[in-house]
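The primary structure of each chain is shown beneath.
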Amino acid sequence: MFNKALLDYPFHDDSICFIFPMLSHIHSQVRLEAHPRLKSNITMMPLKTTIAFLLSLALVIVAQGEERGQPSTSSTTKPLTDDSEVILIGSQGLIGFEEVNESLVQCGDARIAPDGKYLITTPGSGVLTAAKKESGNLYTKQSFGDCEVHVEFMMGKGSNSGVKLQSRYEIQLYDSHNIENPTAKHCGGVYPHWVYRKNGKGLNYIDEGVPPRANAAKPAGEWQSLDIVFRAPRFSADGKKVQNARFDSVKLNGVIVQQDVELSSPTGNAQDPLPEIAEAPLFLQTDHGAVAFRNARVSPLAVDTLDSGE
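Cut-off values and rules
Residues numbered from 1 in each chain as written. Predicted model: local features only at pLDDT ≥ 70, side-chain atom pairs only at ≥ 80, totals over all residues. Heavy atoms only, no water. pLDDT = per-residue confidence, 0-100. Contact = heavy atoms within 4.5 Å. Pairing = 2+ DSSP bridges. Helix = DSSP H or I, 4+ residues; strand = E, 2+ residues; numbered from the N terminus. Axes fitted to C-alpha atoms, helices over the stretch in contact; angles between N-to-C directions. Salt bridge = Lys/Arg side-chain N within 4 Å of Asp/Glu carboxyl O. Buried < 20%, exposed > 50% of the residue type's maximum accessible area, 1.4 Å probe, protein only. Core = buried A, V, L, I, M, F, W, Y, C linked by side-chain atoms within 4.5 Å. Phe/Tyr/Trp six-rings, centres within 6.5 Å; stacked < 30°, edge-to-face > 60°. Lys NZ or Arg CZ within 6 Å of the ring centre and 35° of its normal.

Considering the confidence of the model for the protein chain
Looking at the protein chain, pLDDT values average 79 and 69% of them are 70 or higher. Across residues 1–45 the pLDDT falls below 50, and counting only partners more than four positions away or on other chains, this stretch makes 70 contacts in the model. With pLDDT under 50 throughout, residues 58–76 is counted as low confidence; its partners more than four residues away or in other chains account for 16 contacts.

Structure follows, in structure tokens:
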């Protein structure tokens, strides 16, 4: 009897409201008062049958809510517009960065040299290469808050680089293929905090950072991809920080290596850190060995009001 009622009930119509059944015993039977369409089909049912019906009804409602993708109470982000993507390095060359150091080479492609420590370039545009150490660093012309970042890169043998969101929160790039137990200093790690040694020579690391979940790095000389979803810190109207920055996710070559990593302060220099702000330029490190970049872009994200810290 109630199977037909379930099929007839208009669950697809969000405007339908029904009255939760009111139960009363009448000679060991139960009267069910519900939506009129149900009431016409169900008037008197045994208690066990009624309970089974109510459980079935609840399960159908829950299932339909899941199928429709009901919005979560957690925060969400989405692109500002379909055309909000900012190209940093593309077919037209290096267009999204401030002044470029003369030691950086814009080219059509790059390949690793026989000794593995240098990159050999071919004429053209669309690729930026730091062919050797001390080639300077790059800062974007535009400042970003919440954003998605995509960049493709190639490491020279033993090279070290990084992508710093807001010039403060670093995902490490490193020639770390085949490292069995990667640390935060290897490719895909959230770089640890450090202070200068008292003698001024070298660094003392004061934490371990956040190692990648897996080693997804490719060998030196191969193109790799990095995809980051970043959430900027939140501030109240009087400038007080009310929510830490966060890496929602980081994918290295399609493999999730970081997820839901909260950042209580900028990574790296803990002795003299940059102040945290809502928006700042993205930074590419190009002064620690041979590295090449291509297809670099940033998509600013709209912020859900639930996540604004207000």
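Looking at the sheet that holds strand 21 (residues 280–285)
Spatially, 9-21-11-12 is the arrangement adopted by the 4 strands of the open sheet, whose pairing is antiparallel. Two strands close off the open sheet at either side, each with one partner strand: strand 9 (138–144) and strand 12 (169–174). In this sheet, neighbouring strand axes are inclined to one another by 20° on average, regardless of whether the strands run parallel or antiparallel. Relative to strand 12, strand 11 (residues 160–165) runs antiparallel, the two sharing 6 bridges. Bridge assignment links Ser161 to a residue of strand 12, and that residue is Leu173.

What about the sheet that holds strand 14 (residues 203–205)?
Read from one edge to the other, the open sheet built from 3 strands follows the order 14-13-20, with strand pairing classed as mixed. Two strands lie at the open edges of the sheet, namely strand 14 and strand 20 (268–269), each paired on one side alone. Judged from the 3 bridges that link them, strand 13 (residues 193–196) and strand 14 form a sheet pairing that is antiparallel. Paired with Trp194 across the two strands is Tyr205, which belongs to strand 14.

Some details on the pattern of salt bridges
Enumeration over the complete set of coordinates arrives at 7 salt bridges. Between Asp146 and Arg231 there is a salt bridge whose closest N-O contact spans 3.0 Å. Here Asp146, found in the loop between strand 9 and strand 10 (147–155), pairs with Arg231, found in strand 15 (residues 224–231); they are 85 residues apart in sequence, far enough to count as distant. Across the pair, exposure class does not vary: Asp146 and Arg231 are buried alike.

Quick word on the nonpolar core
One finds Val163, Leu165, Leu226, Ile228, Phe230 and Phe247 to be the most contacted residues of the largest nonpolar core, which totals 41 residues. A total of 5 residues in this core trace back to one element, the largest contributor, which is strand 10. One finds Cys107, Leu119, Val127 and Ala292 within the second-largest nonpolar core, a separate group that totals 8 residues.

Things to note about the packing of aromatic side chains
Under the definition given, this model contains 5 aromatic pairs. With centroids separated by 4.9 Å and ring planes inclined at 70°, the aromatic side chains of Tyr139 and Phe283 adopt a geometry described as edge-to-face. Taken together, the residues span a long stretch of sequence, with Tyr139 in strand 9 and Phe283 in strand 21 at a distance of 144 residues. We classify Tyr139 as partly exposed; its relative accessible area is 39%. In textbook terms, an aromatic cluster arises when at least three aromatic residues are bridged by ring pairs, as seen for Tyr169, Phe230 and Phe247. Positioned over the ring face of Phe283 is Lys164, at 5.1 Å from the centre of the ring.

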